[in-house]
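Breakdown of the fold
Here is what each chain is made of, one letter per residue.
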Amino acid sequence: MKSICPVSSPRMLDRFLEELDRSGLVPPSLTTLIGYSGGADSTALLHLMHRAELKVVAAHLHHGMRAEADEEQQMCESFCGSLGIDLVCGRADVPRMATDLKKGVEEAGRDARYLFFHESARRLGVPLIATAHTRDDHVESILLNVVRGSGQARLAGIPSRRGIIVRPILWATRAETRAYCVEHGLWFHDDPANDDDTFARVRLRKNI
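Just so we're clear, the structure is a prediction, and the values are computed from it rather than from any experiment. (Residues numbered from 1 in each chain as written. Predicted model: local features only at pLDDT ≥ 70, side-chain atom pairs only at ≥ 80, totals over all residues. Heavy atoms only, no water.)

**Side note on the pattern of salt bridges**
- Counting across every chain of the model gives 11 salt bridges.
- Of the charged contacts, one joins Glu 19 and Arg 15 as a salt bridge, the two residues approaching to 3.0 Å between their closest N and O atoms. Note that Glu 19 and Arg 15 are positioned in helix H1 (residues 12-23) at a spacing of four residues, about one turn of the helix.
- On the basis of relative accessibility, which here comes to 15%, the residue Glu 19 falls in the buried class.
- On the basis of relative accessibility, which here comes to 28%, the residue Arg 15 falls in the partly exposed class. (Salt bridge = Lys/Arg side-chain N within 4 Å of Asp/Glu carboxyl O. Helix = DSSP H or I, 4+ residues; strand = E, 2+ residues; numbered from the N terminus. Buried < 20%, exposed > 50% of the residue type's maximum accessible area, 1.4 Å probe, protein only.)

**Re helix H7 (residues 174-183)**
- Taken together, the buried positions of H7 are Arg 174, Thr 177, Ala 179, Tyr 180 and Cys 181.
- Downstream of H7 by one or two residues, Gly 185 has phi in the positive range, about 65 degrees.

**Section: the packing of aromatic side chains**
- A full pass over the atoms with the stated rule returns three aromatic pairs.
- Seen in terms of ring centroids, Tyr 36 and Phe 79 are 6.1 Å apart; in terms of plane orientation they differ by 40 degrees. Their pairing is tilted. Of the two residues, Tyr 36 is situated in the loop between strand S1 (32-35) and helix H2 (40-51) and Phe 79 in helix H3 (residues 69-83); the sequence distance between them amounts to 43 residues. Considered together, Tyr 36 and Phe 79 belong to a single accessibility category, that of buried residues.
- Between the aromatic rings of Tyr 114 and Phe 117, the centroid separation amounts to 6.3 Å while the plane-to-plane angle is 80 degrees, which identifies the pairing as edge-to-face. Pair noted here: Tyr 114 and Phe 117 are both in helix H5 (residues 105-124), with a separation of three residues, about one helical turn. (Phe/Tyr/Trp six-rings, centres within 6.5 Å; stacked < 30°, edge-to-face > 60°.)

**Describing the nonpolar core**
- Counting 35 residues, the largest nonpolar core has Phe 16, Val 26, Tyr 36, Leu 45, Leu 46, Met 49 and Ile 169 as the members making the most contacts within it.
- Listed by contribution, the elements that provide at least two residues to this core are H1, H2, strand S2 (56-62), H3, strand S4 (128-130) and H7.
- If you tally residues by element for this core, the top one is H2, at six residues.
- Setting aside chain neighbours within four positions, we find Phe 16 in contact with Leu 45, Leu 48, Met 49, Ala 52, Pro 168, Ile 169 and Trp 171.
- Within the second largest apolar cluster, 17 residues are counted, among which are Ala 92, Phe 117, Ala 121 and Val 126. (Core = buried A, V, L, I, M, F, W, Y, C linked by side-chain atoms within 4.5 Å. Contact = heavy atoms within 4.5 Å.)

**Notes on the state of the cysteines**
- Tallied over the full model, the rule gives zero disulfides.
- Sulfur of Cys 80: no disulfide; nearest cysteine sulfur belongs to Cys 76 and is 6.7 Å away. (Disulfide = S-S within 2.5 Å.)

**Remarks on the confidence of the model for the protein chain**
- Here the protein chain averages 87 in pLDDT, while 81% of its residues score no lower than 70.
- Residue range residues 1-8 is modelled with pLDDT below 50. Its contacts to residues more than four positions away, or to other chains, number 19 contacts. (pLDDT = per-residue confidence, 0-100.)

**Examining the sheet that holds S1**
- Pairing within the open sheet is mixed, and its six strands lie in the order S3-S2-S1-S4-S6-S5. One side of each edge strand has no neighbouring strand; the edge strands of this open sheet are strand S3 (87-91) and strand S5 (161-162).
- For S1 and S2, the ladder comprises four bridges, and the chain directions are parallel. Following the sheet pairing, Leu 33 is matched in S2 by Val 57.
- The strands touched by H2 within the sheet are S1, S2 and S4, with S1 carrying the most contacts at an inclination of about 155 degrees.
- Across the sheet, H3 lies against S2 and S3, angled at about 165 degrees from S3, the strand it touches most. (Pairing = 2+ DSSP bridges. Axes fitted to C-alpha atoms, helices over the stretch in contact; angles between N-to-C directions.)

**Side note on the packing of H2 against H3**
- Axis separation between H2 and H3 bottoms out at 11 Å; the angle between their running directions is 15 degrees. Put simply, H2 runs roughly parallel to H3. Of the two elements, H2 crosses H3, and the hand of that crossing is right-handed. Within the contact between the two elements, H2 uses Thr 43, Leu 46, His 47 and His 50 and H3 uses Phe 79, Cys 80 and Leu 83.
- Residue composition of the contact of H2 with H3, by class: four nonpolar, three polar and no charged. (Parallel < 35°, antiparallel > 145°, perpendicular 65-115°, else oblique. Left-handed = near helix turned anticlockwise from the far one by under 90°. Nonpolar A, V, L, I, M, F, W, Y, C, P; charged D, E, K, R; others polar.)

Structure, rendered in structure tokens:
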């Protein structure tokens, strides 16, 4: 379901192209695998990469946690199809992973996603993986690391590049990605986990 957001983003594509030119994160000659959840952030990234005429393939992981995720995967497939972008899908039993590995569901889900992205990129021969982390994610990560007493290196937050993983919209805010999707009439969905305050990141987002 699309959400109404009052923030407009008329220069989003221009800023995206400027940042790519400045950073060199995504060379035009390379194909990039985009981690695509169907949320506003990854939908905006996928659409921007497409409009920039970059070579991309999308990857979507079903976490095995919600019944509506089946329909969301179908919507992701339809959206990628409308743009002529190939989509690879996978499925993981994240709750079972969390139990078996004695981890929180949030951490297990993150591990499952990155494992799937790396495996998909390797299988497809794609040299680069892009995730749709935003400035909000960056700030939240810094604050979480402060609360946890992490070392100084972790206080730098989310890097724009780590190995073959790049974050091309780390400069954008979550409000801007939502506004971009609304402005262009793009389908996206809101994951209920983003409002579940049993997760430390959500508690921080709501209270700090």
